[in-house]
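Geometric and topological summary
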Amino acid sequence: MSALDFDVAHLLSGLMVLVCFLMLYQDRLYSLLNTFALHALVLALAVAWQAYIQGAPHLYVTAAIALIFKGVVIPVALHRLIRRMGIHREVETVGGVGLTMLFGLALVALAISVMLPVTAAAGTLAREDLAFALSVILLGLLMMITRRNAVSQVVGFMTLENGLVLAATGAKGMPLVVEISVAFSILIAFIVIGIFLFRIRERFDTVDVAALDTFRGDRR
């Protein structure tokens with residue numbers, strides 16, 4: 001494996017972490033969805049490059065699934081869902097954006113400091129890709145925690161899953177049947193989440209998950 005192979009793989013993995021910070025910075029739902037589509041595109045490129053350098057053609061299927069479903073189908077569906085439901089288009093956060101970004105930087109530092117020693121016996125490419133993947137997973141979790149809008153929490157969940165895919169491909173790939181089953185699981189989860197969003201909107205006239213806490217308090 002040449003130095004160029006390493007550099008391109010690390011560049012694409014690092015771009016995924018960078019786009020995660022772009023998503024944390026967004027304060028509009030449409031911009032957030034467009035940035036997530038970019039995240040899916042970078043994931044597809046990263047997986048396709050791993051397929052090339054590993055000589056694993058089945059990973060091209062994973063790249064195609066990420067590009068079609070996460071880069072096109074899901075963002076377009078969420079755009080239509082937002083317009084149809086008349087959702088407030090600003091992303092409401094817990095705390096300020098600056099504080100969230102600082103937490104994100106701390107999580108990336110934590111992921112690198114934890115993953116590199118743990119994977120000392122693995123190859124250099126796998127070690128660094130796994131560190132980037134864990135960073136993406138933690139940033140996805142951070143997005144789910146700090147966003148009050150249900151749609152943005154869905155984006156955080158799918159970002160987390162992107163990190164899992166990156167980890168699986170960086171660790172010498174995964175069986176094709178697993179990739180296909182994961183894709184269908186994400187699709188089913190997206191359908192269920194869409195129904196869930198409609199029910200929240202119908203019941204509370206908002207998709208702010210804080211309304212659920214208020215409703216629980218009223219029932220008590």
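These lines cover the structure that appears in this document, whether it is placed above or below. Throughout, residues of each chain are indexed from 1 in the direction in which the sequence is written. Per-residue local features are limited, in this predicted model, to residues with pLDDT of at least 70; the limit for side-chain atom pairs, both in listing and counting, is 80 or more; totals at the level of whole chains, interfaces and linings are taken over all residues. Side-chain metrics in this entry use all non-hydrogen atoms of the structure; hydrogen atoms and water are not considered.

Comments concerning the overall build of the chain
Helix and strand counts for the chain come out as eight helices and zero strands. Helix numbering and strand numbering both begin at the N terminus, where a helix is a DSSP run of H or I of at least 4 residues and a strand a DSSP run of E of at least 2. Mapped in sequence order, the helices and strands of the chain form the string α-α-α-α-α-α-α-α. Only protein chains enter the calculation, and the probe is 1.4 Å; a residue is then buried if its accessible area is under 20% of its type maximum, exposed if over 50%, and partly exposed in between. Burial status across the chain gives 45% buried among its 220 residues. Throughout, a residue-residue contact means that at least one pair of heavy atoms, one from each residue, lies within 4.5 Å. Relative to all contacts within the chain whose residues are 6 or more apart in sequence, the contacts with residues 24 or more apart total 76%. The Shrake-Rupley method, run with a 1.4 Å probe, gives the accessible areas here. Residue values count only the displayed protein chains as cover. Accessible area for the chain stands at about 10800 Å²; split by element, carbon and sulfur atoms hold 69% of it.

Notes on the side chain of Thr35
Among the structural elements, Thr35 can be located in helix α2 (residues 29-54). Beyond its immediate chain neighbours, meaning those up to four positions away, Thr35 contacts Val19, Leu22, Met23 and Gln26.

Here we look at the side chain of Thr100
Tracing the backbone through its elements, the reader meets Thr100 in helix α4 (residues 97-118). Excluding residues that lie within four positions of it along the chain, Thr100 makes contacts with Leu24, Val94, Leu142, Thr146 and Arg147.

Here we look at the pattern of salt bridges
Side chains that carry opposite charge are capable of pairing whenever their charged atoms lie near each other. Any Lys or Arg side-chain nitrogen found within 4 Å of a carboxyl oxygen on Asp or Glu counts as a salt bridge. Under the criterion given, the structure shown has one salt bridge. Lys70 serves as the salt-bridge partner of Glu161, at 1.7 Å between the closest nitrogen and oxygen. Remark: Lys70 occurs in helix α3 (residues 59-85) and Glu161 occurs in helix α6 (residues 150-170); sequence separation between them is 91 residues. Here Glu161 matches Lys70 in class, with each residue buried.

Looking at a nonpolar patch on the surface
A cluster of nonpolar side chains, contributed by Leu22, Leu38, Leu41, Leu45, Leu67, Ile68, Val72, Val73 and Val76, occupies part of the molecular surface with about 690 Å² of accessible area. At five residues, the largest contribution of residues to the nonpolar patch is made by α3. Relative to the helices and strands, Val72 is located in helix α3. With relative accessibility at 45%, the residue Val72 sits in the partly exposed group. To count toward a patch, a residue needs a relative accessible area over 30% and no salt bridge; like charges are then connected within 9 Å, while nonpolar side chains (Val, Leu, Ile, Met, Phe, Trp, Tyr) are connected within 5 Å.

Focus: the packing of helix α1 (residues 3-25) against α2
The packing of two helices is summarised by the inter-axis angle and the distance between the axes. An axis is simply a line fitted to the C-alpha atoms; with a helix, the fit covers only the stretch in contact. Between two such axes, the angle follows the N-to-C directions and lies from 0 to 180 degrees. Contact pair α1 / α2: the axes reach a minimum separation of 9 Å and the direction vectors enclose 165°. Regarding the angle of α1 to α2, the classification is roughly antiparallel. Helix-helix and strand crossings are classified by hand; for α1 and α2 the assignment is left-handed. Oblique is the label for any angle not covered by the other classes, which are roughly parallel (under 35 degrees), roughly antiparallel (over 145) and roughly perpendicular (65 to 115). Crossing handedness is read from the near helix: turned anticlockwise from the far helix by less than a right angle, it gives a left-handed crossing, and turned clockwise, a right-handed one.

Considerations on α2
In this model, α2 (26 residues) spans 37 Å end to end at C-alpha, consistent with the 38 Å of a helix rising 1.5 Å per residue. Positive phi appears at Gly55, one or two residues downstream of α2, with a value of about 65°. In this scheme, a helix's expected span is set at 1.5 Å multiplied by one less than its residue total.

Regarding the packing of aromatic side chains
Note on ring pairs: Phe, Tyr and Trp rings are taken, using the six-membered ring of Trp, and paired if centres are within 6.5 Å. Classes follow the plane angle, with under 30 degrees stacked, over 60 edge-to-face and the rest tilted. Here the structure, examined in full by the defined rule, presents one aromatic pair. Here Trp49 and Tyr52 contribute two aromatic rings whose centre-to-centre distance is 5.2 Å and whose plane-to-plane angle is 40°, an arrangement assigned as tilted. Residue Trp49 and its partner Tyr52 are located together in helix α2, separated by three residues, close to a single helical turn.

Here's the deal with the environment of Met115
As for its position among the elements, Met115 is in helix α4. Taking relative accessible area as the criterion, Met115 reaches 17% and is therefore assigned buried. Sequence spacing of Met115 and Phe132 is 17 residues, and the spatial spacing of their C-alpha atoms is 9.1 Å. For Met115, the residues in contact, after removing those within four places along its chain, are Arg127, Leu130, Ala131 and Leu134.

Considerations on the packing of α1 against α4
Interhelical geometry of α1 versus α4 gives an angle of 160° and a closest axis separation of 9 Å. Classified by the angle their axes make, α1 and α4 are roughly antiparallel. Here α1 and α4 pass one another in a crossing that is right-handed. For the pair formed by α1 and α4, the contact residues are Val17, Phe21, Leu24 and Tyr25 on the first element and Val97, Thr100, Met101, Gly104, Leu105 and Val108 on the second.

Some details on the nonpolar core
For the purposes of this section, nonpolar cores are sets of buried Ala, Val, Leu, Ile, Met, Phe, Trp, Tyr and Cys residues that join through side-chain atoms within 4.5 Å. Of all hydrophobic cores here, the largest spans 42 residues; its most connected members are Met23, Leu43, Leu78, Leu139 and Val155. Contributing elements (two or more residues each) for this core: α1, α2, α3, α4, α5 (124-146) and α6. A total of 10 residues in this core trace back to one element, the largest contributor, which is α2.

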